[in-house]
Amino acid sequence: QAQLEESGGGLVQPGGSLRLSCAASGTIFSINSMGWYRQAPGKQRELVATITGEGITNYADSVKGRFTISRDNAQDTVYLQMNSLKPEDTAVYYCNAEVASYSGSHYSDSWGQGTQVSVSS
(Lines give C-alpha, C1' and ligand atoms only; values in the text may rest on other atoms or scores of the structure.)
Protein backbone atom coordinates (compact mmCIF):
# COMPACT_ATOMS: atom_id res chain seq x y z
CA GLN A 1 0.00 0.00 0.00
CA ALA A 2 1.31 3.42 -0.97
CA GLN A 3 0.92 6.60 1.01
CA LEU A 4 0.91 10.07 -0.53
CA GLU A 5 1.84 13.17 1.43
CA GLU A 6 1.16 16.63 0.04
CA SER A 7 2.80 19.88 1.10
CA GLY A 8 3.03 23.47 -0.06
CA GLY A 9 -0.50 24.79 0.28
CA GLY A 10 -1.38 28.07 1.91
CA LEU A 11 -2.86 31.52 1.50
CA VAL A 12 -1.71 33.70 -1.38
CA GLN A 13 -2.90 36.93 -2.99
CA PRO A 14 -4.36 36.95 -6.50
CA GLY A 15 -1.57 36.88 -9.06
CA GLY A 16 0.74 35.06 -6.67
CA SER A 17 2.39 31.67 -6.90
CA LEU A 18 2.54 28.45 -4.92
CA ARG A 19 4.32 25.14 -5.45
CA LEU A 20 2.72 21.92 -4.27
CA SER A 21 4.69 18.74 -3.68
CA CYS A 22 3.51 15.17 -3.21
CA ALA A 23 5.79 12.33 -2.18
CA ALA A 24 4.80 8.67 -2.44
CA SER A 25 6.08 6.15 0.08
CA GLY A 26 5.36 2.62 1.25
CA THR A 27 5.22 -0.55 -0.83
CA ILE A 28 5.86 0.67 -4.37
CA PHE A 29 7.06 -1.33 -7.34
CA SER A 30 6.02 1.08 -10.06
CA ILE A 31 4.01 4.29 -10.46
CA ASN A 32 2.12 4.96 -13.67
CA SER A 33 0.31 8.29 -13.86
CA MET A 34 0.52 10.92 -11.12
CA GLY A 35 -1.67 13.96 -10.87
CA TRP A 36 -3.44 16.70 -9.00
CA TYR A 37 -7.15 17.15 -8.45
CA ARG A 38 -9.02 19.83 -6.54
CA GLN A 39 -12.33 20.25 -4.79
CA ALA A 40 -13.85 23.62 -4.00
CA PRO A 41 -16.62 24.01 -1.40
CA GLY A 42 -19.93 22.77 -2.76
CA LYS A 43 -18.35 21.42 -5.96
CA GLN A 44 -17.23 18.04 -7.23
CA ARG A 45 -13.60 17.03 -7.31
CA GLU A 46 -12.06 17.93 -10.67
CA LEU A 47 -8.88 17.13 -12.53
CA VAL A 48 -6.18 19.80 -12.51
CA ALA A 49 -3.25 18.09 -14.20
CA THR A 50 -1.72 14.66 -14.76
CA ILE A 51 1.66 13.39 -15.88
CA THR A 52 2.70 9.93 -17.07
CA GLY A 53 5.95 8.22 -16.22
CA GLU A 54 7.23 9.29 -19.64
CA GLY A 55 6.41 12.92 -18.91
CA ILE A 56 3.28 13.30 -21.01
CA THR A 57 1.11 15.97 -19.39
CA ASN A 58 -2.57 16.84 -19.43
CA TYR A 59 -4.16 19.99 -18.01
CA ALA A 60 -7.63 21.26 -17.30
CA ASP A 61 -8.46 24.15 -19.63
CA SER A 62 -8.89 26.46 -16.63
CA VAL A 63 -5.22 26.12 -15.60
CA LYS A 64 -3.43 25.84 -18.96
CA GLY A 65 -0.64 28.37 -19.26
CA ARG A 66 -0.65 29.07 -15.50
CA PHE A 67 0.09 25.70 -13.85
CA THR A 68 2.93 23.29 -14.59
CA ILE A 69 3.06 19.69 -13.43
CA SER A 70 6.34 17.81 -13.16
CA ARG A 71 7.66 14.70 -11.46
CA ASP A 72 10.86 13.15 -10.14
CA ASN A 73 10.62 9.44 -10.86
CA ALA A 74 13.66 8.63 -8.74
CA GLN A 75 11.99 10.25 -5.72
CA ASP A 76 8.41 9.14 -6.52
CA THR A 77 7.40 12.78 -6.21
CA VAL A 78 5.09 15.00 -8.24
CA TYR A 79 5.00 18.79 -8.20
CA LEU A 80 2.49 21.45 -9.23
CA GLN A 81 3.81 24.94 -9.88
CA MET A 82 0.89 27.35 -9.77
CA ASN A 83 1.38 30.87 -11.12
CA SER A 84 -1.02 33.77 -11.70
CA LEU A 85 -3.36 32.35 -9.11
CA LYS A 86 -6.99 33.46 -9.12
CA PRO A 87 -9.63 33.38 -6.37
CA GLU A 88 -11.40 30.61 -8.30
CA ASP A 89 -8.35 28.39 -7.79
CA THR A 90 -9.24 28.22 -4.09
CA ALA A 91 -9.81 24.56 -3.20
CA VAL A 92 -8.40 21.56 -1.44
CA TYR A 93 -5.81 20.04 -3.75
CA TYR A 94 -5.39 16.27 -3.75
CA CYS A 95 -2.48 14.24 -5.06
CA ASN A 96 -3.21 11.02 -6.95
CA ALA A 97 -0.97 8.20 -8.14
CA GLU A 98 -1.56 4.91 -9.94
CA VAL A 99 0.62 2.48 -8.00
CA ALA A 100 1.61 -1.14 -8.51
CA SER A 101 2.84 -2.50 -5.19
CA TYR A 102 4.53 -5.62 -6.55
CA SER A 103 5.84 -6.94 -9.86
CA GLY A 104 2.87 -8.16 -11.88
CA SER A 105 0.26 -6.54 -9.66
CA HIS A 106 -2.41 -4.24 -11.02
CA TYR A 107 -2.16 -0.49 -10.71
CA SER A 108 -4.54 0.98 -8.16
CA ASP A 109 -5.34 4.57 -7.19
CA SER A 110 -3.77 6.13 -4.11
CA TRP A 111 -4.82 9.54 -2.78
CA GLY A 112 -3.30 12.05 -0.44
CA GLN A 113 -5.26 13.73 2.33
CA GLY A 114 -5.30 17.08 0.57
CA THR A 115 -3.75 20.49 1.08
CA GLN A 116 -5.69 23.75 1.21
CA VAL A 117 -4.93 26.47 -1.33
CA SER A 118 -6.64 29.80 -0.71
CA VAL A 119 -6.35 32.76 -3.06
CA SER A 120 -7.62 35.99 -1.57
CA SER A 121 -6.66 39.61 -1.08
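These remarks concern the structure in this document. Residues take numbers from 1 onward in each chain, read along the sequence in its written order. In view of the model being predicted, local features appear only for residues whose pLDDT reaches at least 70, and side-chain atom pairs are presented and counted only at 80 or more, with totals across whole chains, interfaces and linings using the full set of residues. Side-chain figures throughout are based on the complete set of non-hydrogen atoms in the structure, without hydrogens or water.

Topic: the sheet that holds strand β8 (residues 77-82)
- Think of it this way: DSSP has to see at least two bridges between two strands before they count as a pair. Under the scheme used here, helices are H or I runs from DSSP no shorter than 4 residues and strands are E runs no shorter than 2 residues, and both carry numbers assigned from the N terminus. Overall, antiparallel pairing links the four strands, which are arranged β1-β3-β8-β7 in an open sheet. Every interior strand has two partners, whereas the edge strands, β1 (2-7) and β7 (67-72), have only one. Each adjacent strand pair in this sheet contributes to an overall mean axis angle of 15°, direction not counted.
- Bridge count between β1 and strand β3 (residues 18-26): six bridges; the pairing is antiparallel. Each residue of the ladder has a partner; that of S7, found in β3, is S21. Only the stretch in contact is used when a helix axis is fitted, and all axes are lines through C-alpha atoms; the angle between N-to-C directions ranges over 0 to 180 degrees.

Observations regarding the layout of surface pockets
- Its volume calculated, the largest pocket comes out at about 170 Å³.
- Detection works on a 1 Å grid of protein atoms alone, calling trapped sets that fit a 1.4 Å probe cavities and calling open sets with protein on both sides within 12 Å along at least five of seven lines pockets, with lining residues defined by an atom within 4 Å of a point. Contributing to the lining of the largest pocket are R38, Q39, A40, K43, Q44, E46, S62, R66, K86, E88, D89 and T90.
- The residue classification treats Ala, Val, Leu, Ile, Met, Phe, Trp, Tyr, Cys and Pro as nonpolar and Asp, Glu, Lys and Arg as charged. All others, Gly included, are polar. Here the lining of the largest pocket is composed, by residue class, of one nonpolar, four polar and seven charged. Grid points are joined across faces, edges and corners, and a volume is the space filled by probe spheres set on the points.

Concerning the pattern of salt bridges
- Salt bridges, as used here, are contacts in which a Lys or Arg side-chain nitrogen is within 4 Å of a carboxyl oxygen on Asp or Glu. Within this structure, the stated rule accounts for four salt bridges.
- Here D89 makes a salt bridge to R38, at a shortest N to O gap of 3.0 Å. Separated by 51 residues along the polypeptide, D89 in the loop between β8 and β9 (91-100) and R38 in strand β4 (residues 30-39) bring together distant segments of the chain. One exposure class covers both D89 and R38, and it is buried.
- Of the charged contacts in the structure, one is a salt bridge between R66 and D89, with a shortest N-O distance of 2.8 Å. Within this pair, whereas R66 is found in the loop between β6 (57-59) and β7, its partner D89 is found in the loop between β8 and β9, the two being separated by 23 residues in sequence. Residue burial is assigned from relative accessible area. The probe radius is 1.4 Å, only protein chains are included, and a residue is buried under 20% of its type maximum, exposed over 50%, and partly exposed in between.

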